[in-house]
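# Residue-level structure breakdown
Residue strings, one per chain:
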Amino acid sequence: MSTTSIITVNFHQEAVTIALLQSIDKYYNGQNVEVIIVDNGAEQNQEHIFLPHFENIKYTQSRENLGFAGGNNLGIKQAGGDYIFLLNNDTELHAGCIETLCAELEQNENIGLLSPLLLYYDRKDVIQYAGFTPVNPLSGRNATIGELDRNEGQYANKSYQTGYCHGAAMMCRKEDLLKAGLMDEGYFLYYEELDWCEKFKRIGKQVWFTGKTHVYHKESISVGIDSPLKIYFHTRNRMLFIRKNTGLMNTILFSIYYTLIACPKAVLKYVFNHQSHLAKWVLKGLLWNYTHGKNSKTLGFKLQK
């Protein structure tokens, strides 16, 4: 019988992670499921906090904050399951979720990465994600399918190929992961899941969405809509993604657009909105790509997702 390894990264959000464990325990206690918790930036071992909430837990403490990519990679290295399910700690499952995702992968060997429908936890009738469009190589932009739609079943029982999976919940076969490789920890957070999808595509696998099951997501529980953290890494990694996943000519054209149009426009927006303190993080994110920057941990804020 197939087994599933759920990997989740905790960063000073013990209560949130416990709520996830309780939702898993409600439906999957003793059912060929292991949960691997990577405790990022934890000064003390907190295994005792999590163990009472699920029977089969592997706990790993990392004193260093490894970021979203690094934390998940650490968990992946310990995973013993046939299927790997990366799940944000600010999500909650419902009955049948894991079985449905595994069945989709079993029925279609072309699928490399698979994400379910994401619904907002506090607005369960509103869709957060039903797939992504491909990234436009010249602008570095893409769109979320179904975002803010009312959940009227338009995506239910539908599965289709999509541009990218959503990092909050994505599953793959362990054998495919071993071929595609781990996430690129150079991103630290944001865009790493899009880059990971590109790795799966390069080994001949497809990226899919399914509306046959869903996950509830407590969006922005730890990062504000206009936080310096989010602005810096979105700016930085949007360009990094293009540099890594397109050709030289496209990178040159994108860099001209991004440097002379997109980033100045973002800076002016923050200035006109009396948020000048945020404008500098756009410039820092852009500059990193030209200088390769110093370690991002020296930038003066706590890195978390």
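Structure first, text after, so check above.
This one's a predicted model, so the numbers in the text were calculated from it and none came from an experiment. (Residues numbered from 1 in each chain as written. Predicted model: local features only at pLDDT ≥ 70, side-chain atom pairs only at ≥ 80, totals over all residues. Heavy atoms only, no water.)

Each helix and strand counted, the protein has nine helices and ten strands in total. Against the compact-globule benchmark of 19 Å for 305 residues, the protein has a radius of gyration of 19 Å, which places it among compact chains. Dimensions along the principal axes, computed over C-alpha positions, put the protein at roughly 55 × 45 × 40 Å. The 305 residues of the protein split such that 55% are buried. Considering only residue pairs separated by 6 or more positions, the protein has 74% of its internal contacts joining residues 24 or more positions apart. Total accessible area on the protein is roughly 13,600 Å²; 53% of this is exposed by carbon and sulfur atoms. Here the protein contributes 31 positive and 30 negative side-chain charges, whose respective centroids are spaced 9 Å apart. (Helix = DSSP H or I, 4+ residues; strand = E, 2+ residues; numbered from the N terminus. Rg over C-alpha atoms; globule rule 2.2 N^0.38 Å. Buried < 20%, exposed > 50% of the residue type's maximum accessible area, 1.4 Å probe, protein only. Contact = heavy atoms within 4.5 Å. Areas by Shrake-Rupley, 256 points an atom, 1.4 Å probe, with all protein chains shown as cover. Lys, Arg positive; Asp, Glu negative; His and termini not counted. Charge placed at Lys NZ, Arg CZ, Asp CG, Glu CD.)

Time to look at the pattern of salt bridges. Enumeration according to the criterion identifies nine salt bridges in this entry. A salt bridge links Lys-218 to Glu-92, with the nearest nitrogen and oxygen atoms 2.7 Å apart. Remark: Glu-92 occurs in strand β5 (residues 91-92) and Lys-218 occurs in the loop between β10 (206-217) and α7 (228-245); sequence separation between them is 126 residues. Its relative accessible area of 14% is what places Lys-218 among the buried residues. (Salt bridge = Lys/Arg side-chain N within 4 Å of Asp/Glu carboxyl O.)

For strand β2 (residues 33-40), the buried fraction is high: eight of the eight residues fall into the buried class. With seven bridges connecting them, strand β1 (residues 4-10) and β2 associate as parallel partners. Looking across to β2, one finds that Thr-4 is bridged to Val-33. Once the chain exits β1 it traverses helix α1 (residues 14-28) before rejoining the sheet at β2, and the crossover so formed is right-handed. Judged from the six bridges that link them, β2 and strand β3 (residues 57-62) form a sheet pairing that is parallel. Across the sheet, residue Ile-36 finds its bridge partner in β3, namely Lys-58. (Pairing = 2+ DSSP bridges. Right-handed = clockwise from strand over helix to strand, strands pointing away.)

Now for the environment of Trp-281. Mapped onto the elements, Trp-281 comes out in helix α9 (residues 276-291). For Trp-281, a relative accessible area of 7% puts it in the buried group. Sequence separation between Trp-281 and Leu-229 is 52 residues, and the spatial gap between their C-alpha atoms is 8.0 Å.

Moving on, we get to a nonpolar patch on the surface. Side chains of Leu-138, Leu-248, Met-249, Ile-252, Leu-253, Ile-256, Leu-260 and Ile-261 sit close together on the surface and give an oily, nonpolar patch of about 830 Å² of accessible area. Here Leu-260 lies in helix α8 (residues 248-272). By relative accessible area, Leu-260 is classed as exposed at 63%. (Patch = residues over 30% accessible without salt bridge, like charges linked within 9 Å, V, L, I, M, F, W, Y side chains within 5 Å.)

What follows deals with the nonpolar core. Nonpolar side chains in soluble globular proteins tend to be buried together. One finds Ile-6, Phe-85, Leu-93, Ile-98 and Trp-196 to be the most contacted residues of the largest nonpolar core, which totals 87 residues. For this core, the element with the highest residue contribution is α7, accounting for eight residues. In contact with Phe-85, other than residues within four places in its own chain, are Thr-4, Ser-5, Ile-6, Ile-7, Leu-93, Cys-97, Ile-98, Leu-101, Ala-169, Met-170 and Met-171. (Core = buried A, V, L, I, M, F, W, Y, C linked by side-chain atoms within 4.5 Å.)

Relative to the assigned elements, Glu-193 resides in helix α6 (residues 192-202). At a separation of 3.4 Å, a polar atom in the side chain of Glu-193 contacts the main-chain amide nitrogen of Gly-167. (Polar contact = N/O pair within 3.5 Å; in protein donor to acceptor, adjacent residues only side chain to side chain.)

Let us look at the side chain of Thr-213. Within the secondary structure layout, Thr-213 lies in strand β10. Side-chain polar atoms of Thr-213 contact the side chain of His-94, separated by 3.1 Å. Beyond its immediate stretch of four places on either side in the chain, Thr-213 contacts His-94, Gly-96, Cys-97, Thr-100, Leu-101, Pro-116 and Leu-117.

Attention now moves to the environment of Ala-15. Counting through the fold element by element, Ala-15 comes out in helix α1. Distance in space between the C-alpha atoms of Ala-15 and Asn-89 is 9.7 Å, their sequence separation being 74 residues.

Attention now goes to α8. Taking 1.5 Å of rise per residue, 25 residues should cover 36 Å, and α8 covers 35 Å from first to last C-alpha, within 8% of that figure. Remark: the principal bend of α8, roughly 45°, maps to Tyr-258. The complete set of buried residues in α8 reads Asn-250, Thr-251, Phe-254, Ser-255, Tyr-258, Ala-262, Cys-263, Val-267 and Tyr-270. At its buried positions, α8 is contacted by α7 and α9. Once α8 ends, the next one or two residues include His-274, with phi positive near 60°. (Expected span 1.5 Å × (residues − 1). Bend = angle between axes of the 7 residues up to and from the residue.)

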